[in-house]
Amino acid sequence: MHMASRDQSELHNAKDLSAAIGIPLPTVSKVLKILTQGNILQSHQGSKGGYSLARPANEIFASQIVEAVEGPVAITDCSSADGCTRNCPVSTSWKKVNSKIIGALGGISLADIAAG
């Protein structure tokens, strides 16, 4: 959210982000790495390097951020792609609930989140 509320061409390093958002540096560094691996952020090497959004904030969605950090969205094992293999009566219902959650997260962009 911090990056989305700034100039998109601005690069951010872990130390400055940690200070700006009040989260410990080790946590910020870990999340930056995860978000880079998830193609949410782009890493820029060099002495003036840092991180930037990989795409405009209005093209990055909450569902993509959650999946980059936590893995596929699954409210229960029944609703995950690799989850429950039993065919029980609640499995279909949980899959519907999970689908709605993914849809809701997919409808909120990082720009929306940054705007409040």
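Nothing here was measured: the structure is a model prediction, and the numbers come from that model.

### Considerations on a nonpolar patch on the surface
Part 1 of the reasoning: On the surface, Ile-75, Val-90, Trp-94, Val-97 and Ile-101 cluster together into a nonpolar patch covering about 380 Å² of accessible area.
Part 2 of the reasoning: Mapped onto the secondary structure, Val-90 falls in the loop between α3 (62–70) and α4 (91–106).
Part 3 of the reasoning: Owing to a relative accessible area of 44%, Val-90 belongs among the partly exposed residues under this scheme.

### A closer look at the pairing of strand β1 (residues 41–44)
Part 1 of the reasoning: The pairing of β1 with strand β2 (residues 50–53) spans four bridges and is classified as antiparallel. Note on β2: the bridge partner recorded for Leu-41 is Leu-53.
Part 2 of the reasoning: Connecting the antiparallel pair β1 and β2 is a turn made up of five residues, with Gly-46 showing a positive phi of about 110°.

### Brief notes about the nonpolar core
Part 1 of the reasoning: Membership of the largest hydrophobic core comes to 14 residues, with the highest contact counts inside it found for Met-3, Leu-32, Leu-41, Leu-53 and Leu-110.
Part 2 of the reasoning: Elements represented by at least two residues in this core include exactly α1 (14–21), α2 (25–37) and β2.
Part 3 of the reasoning: If you tally residues by element for this core, the top one is α2, at three residues.
Part 4 of the reasoning: Once residues lying within four places of it in the same chain are set aside, the contact partners of Leu-41 are Met-3, Leu-32, Leu-35, Thr-36, Tyr-51, Ser-52, Leu-53 and Ala-54.

### Some words on the confidence of the model for the protein chain
Part 1 of the reasoning: Of the residues in the protein chain, 91% have a pLDDT of 70 or more, and the chain-wide mean is 90.
Part 2 of the reasoning: Considering each helix and strand of the protein chain separately, the mean pLDDT is smallest for α4, with a value of 88, and largest for α2, with 97.

### Focus: the layout of surface pockets
Part 1 of the reasoning: Approximately 420 Å³ is the volume attributed to the largest pocket.
Part 2 of the reasoning: Around the largest pocket, the lining is made up of 17 residues, and of these Met-1, His-2, Ile-21, Val-31 and Leu-35 lie nearest the centre.
Part 3 of the reasoning: For the lining of the largest pocket, the elements supplying multiple residues, two or more each, are α1, α2 and α5 (110–115).
Part 4 of the reasoning: Considering every element that reaches the lining of the largest pocket, the biggest residue donor is α2, with five residues.
Part 5 of the reasoning: For the lining of the largest pocket, a count of residues per class yields 15 nonpolar, two polar and no charged.

### Quick word on the packing of α1 against α2
Part 1 of the reasoning: In the contact formed by α1 and α2, the axes pass within 9 Å of each other and the chain directions differ by 120°. By the criterion of interaxial angle, the relationship of α1 to α2 is oblique. When you trace α1 past α2, the crossing you get is right-handed. Contact residues: α1 offers Ala-14, Lys-15, Leu-17, Ser-18 and Ile-21, while α2 offers Leu-25, Val-28, Ser-29 and Leu-32.
Part 2 of the reasoning: Residue classes in the contact of α1 with α2 are distributed as six nonpolar, two polar and one charged.

Reading the values: rules and limits
- Residues numbered from 1 in each chain as written.
- Predicted model: local features only at pLDDT ≥ 70, side-chain atom pairs only at ≥ 80, totals over all residues.
- Heavy atoms only, no water.
- Patch = residues over 30% accessible without salt bridge, like charges linked within 9 Å, V, L, I, M, F, W, Y side chains within 5 Å.
- Areas by Shrake-Rupley, 256 points an atom, 1.4 Å probe, with all protein chains shown as cover.
- Salt bridge = Lys/Arg side-chain N within 4 Å of Asp/Glu carboxyl O.
- Helix = DSSP H or I, 4+ residues; strand = E, 2+ residues; numbered from the N terminus.
- Buried < 20%, exposed > 50% of the residue type's maximum accessible area, 1.4 Å probe, protein only.
- Pairing = 2+ DSSP bridges.
- Core = buried A, V, L, I, M, F, W, Y, C linked by side-chain atoms within 4.5 Å.
- Contact = heavy atoms within 4.5 Å.
- pLDDT = per-residue confidence, 0-100.
- 1 Å grid on protein atoms, 1.4 Å probe; cavity = no way out; pocket = protein on both sides within 12 Å on 5 of 7 lines; lining within 4 Å.
- Points joined across faces, edges and corners; volume = space filled by probe spheres on them.
- Nonpolar A, V, L, I, M, F, W, Y, C, P; charged D, E, K, R; others polar.
- Axes fitted to C-alpha atoms, helices over the stretch in contact; angles between N-to-C directions.
- Parallel < 35°, antiparallel > 145°, perpendicular 65-115°, else oblique.
- Left-handed = near helix turned anticlockwise from the far one by under 90°.

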